[in-house]
Amino acid sequence: MDLNAVKRIPQRDGYGQGLLSLCAARENIVVLDADVAASTRTNWVRDQYPHHFYNLGISEQDMVGTAAGLALGGMIPYVSTYGVFLSGRAFDQMRTTVCYNNLKVRFGGAHAGISVGPDGATHQALEDIALARVLPNMTVIAPCDSEQTRKAVIAAADLDGPVYFRFGREPVPVITDETTPFVLGKARLARQGTDCAVVACGAMVYEALVAAERLATQGISLRVLDLHTIKPLDQDAVLDAARTCGAVVTAEEHQRSGGLFGAVSEVLARTCPVPMEAVAVQDTFGESGAPEALMDKYGLNAAAILQAANRCLARKG
């Protein structure tokens, strides 16, 4: 794949396309939105399948409670709004009403990560993976591009229990296609390597592939693991990467604490301790700015992954 020639499409487009496919095929799919339908692409459902769509207004807690009732009635609701508001404002309803009862509610956390850009810290979901994955029964998915987001939305429809998706607003490189395998709970080996492994999710998978190409020119073989399902974690794939490569870097558009780095290090600390580095937001809030400039400032890019891999290799010996 020519990484310089890939097209860029917002992940939220994949979310909307997945919902359209589900609504076209099944009457028990309902889509709930918190008055941000154009932003989440649920306006596509509203316009084409209005009987599947409900706008609950800017009332995230009520929306989650309503979704729980619909799930108890045999429907499969997809709750859609900004991830920062969903995981933050409606955490109690997600925890006690949905997860405690293990209901089949799907949470679409849009505009995740610092790349939301000009909206600033209040709208940049940098803690949502941590908040979602700590909840019992919750499946947590962070797709790498629009096509994988579409597949995840469809694949999760019949999964038991609640599901949290996180996806961004800005166009990101499309590095998978219709033929690329996607299995919930199973990591995708995006690039084989033996010297160091990068376990990445979301838009950082592309950055890891770019870093791998740059390191290859130095004779360093970087494995890239697309860990789209953060919970349940594919422990076999993570352990194989650690045992084969002897060093692991995690890369995520999220706080260092509690997210992908936390999930991976929890596994490796118990089973296969190796040198590790985390490419993530380092315990700080974001700020308003252009998406690409923010990703660079906060060290969420291929250059940061390359540097982290070199630090790991130095510790590996």
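Please refer to the structure placed before this passage.
Notes on the structure follow.

About the thresholds
- Residues numbered from 1 in each chain as written.
- Predicted model: local features only at pLDDT ≥ 70, side-chain atom pairs only at ≥ 80, totals over all residues.
- Heavy atoms only, no water.
- Helix = DSSP H or I, 4+ residues; strand = E, 2+ residues; numbered from the N terminus.
- Rg over C-alpha atoms; globule rule 2.2 N^0.38 Å.
- Buried < 20%, exposed > 50% of the residue type's maximum accessible area, 1.4 Å probe, protein only.
- Contact = heavy atoms within 4.5 Å.
- Phe/Tyr/Trp six-rings, centres within 6.5 Å; stacked < 30°, edge-to-face > 60°.
- Lys NZ or Arg CZ within 6 Å of the ring centre and 35° of its normal.
- Pairing = 2+ DSSP bridges.
- Axes fitted to C-alpha atoms, helices over the stretch in contact; angles between N-to-C directions.
- Core = buried A, V, L, I, M, F, W, Y, C linked by side-chain atoms within 4.5 Å.
- Polar contact = N/O pair within 3.5 Å; in protein donor to acceptor, adjacent residues only side chain to side chain.

## Overview of the overall build of the chain
- Helix and strand counts for the chain stand at 13 helices and 14 strands.
- Relative to the compact-globule value of 20 Å for 317 residues, the chain shows a C-alpha radius of gyration of 19 Å, a close match.
- Across its three principal directions, the C-alpha atoms of the chain cover 60 × 40 × 40 Å.
- Taking all 317 residues of the chain together, the buried fraction comes to 61%.
- Pairs at least 24 apart in sequence give 80% of the contacts found in the chain among residues at least 6 apart.

## Observations regarding the environment of arginine 150
- Counting through the fold element by element, arginine 150 comes out in helix H8 (residues 146-155).
- Along the sequence, arginine 150 and serine 21 sit 129 residues apart, while their C-alpha atoms lie 9.0 Å from each other.
- Those residues in contact with arginine 150 that sit more than four places away from it in its chain are Gly14, Gln17, Gly18 and Glu178.

## A short note on the packing of aromatic side chains
- The tally for this structure, following the rule as stated, stands at four aromatic pairs.
- Ring plane angle 10° and centroid distance 5.7 Å describe the contact between tyrosine 82 and phenylalanine 85, whose orientation is recorded as stacked. Both residues of the pair, tyrosine 82 and phenylalanine 85, belong to the buried class.
- Taken together through their ring pairs, the aromatic side chains of Tyr15, Tyr78, Phe165 and Phe167 make up a single cluster.
- Over the face of the ring belonging to phenylalanine 85 we find arginine 89, whose NZ or CZ atom lies 4.2 Å from the ring centre.

## Considerations on the sheet that holds strand S6 (residues 139-141)
- The seven strands are arranged S3-S2-S4-S5-S7-S6-S12 in an open sheet whose pairing can be described as mixed. In this open sheet, the two strands that pair with only one neighbour each are strand S3 (53-55) and strand S12 (229-231). Taken pair by pair, the neighbouring strands of this sheet meet at an average axis angle of 20°, ignoring direction.
- Contacting strand S2 (29-33), strand S4 (76-82), strand S5 (106-110) and strand S7 (163-166), helix H1 (residues 11-25) crosses the sheet at an angle of about 160° to S4.

## Comments concerning the nonpolar core
- By size, the foremost hydrophobic cluster in this structure holds 46 residues, and its most contacted members are Phe107, Met138, Val248, Val264 and Leu268.
- Counting only elements with at least two residues in this core, the list comes to S2, helix H4 (60-72), helix H6 (91-99), helix H7 (128-133), strand S10 (196-200), helix H10 (235-245) and helix H11 (260-271).
- Broken down by element, this core gets its largest block of residues, six residues, from H10.
- Residues Ile114, Cys144, Leu222 and Leu294 belong to the second largest nonpolar core, which totals 38 residues.

## Notes on H8
- Among the ten residues that make up H8, eight are buried, leaving the element largely enclosed by the rest of the structure.
- Two to three positions downstream of the cap, the backbone nitrogen of glutamate 147 sits 3.3 Å from a side-chain oxygen, assigning the N-cap of H8 to aspartate 145.

## Overview of the sheet that holds strand S9 (residues 188-191)
- The strand order across the open sheet built from five strands is S9-S11-S10-S13-S14, with neighbouring strands paired in mixed fashion. The strands lining the two open edges of the sheet, one partner per strand, are S9 and strand S14 (276-281). For this sheet, the mean angle separating the axes of adjacent strands, direction not counted, is 25°.
- Direction of pairing for S10 relative to strand S13 (residues 248-255): parallel, over a ladder of four bridges. By the bridge assignment for S13, valine 199 is matched with threonine 250.
- Packed on one face of the sheet, helix H13 (residues 302-316) meets S10, strand S11 (222-226), S13 and S14 and runs near 160° to S14.

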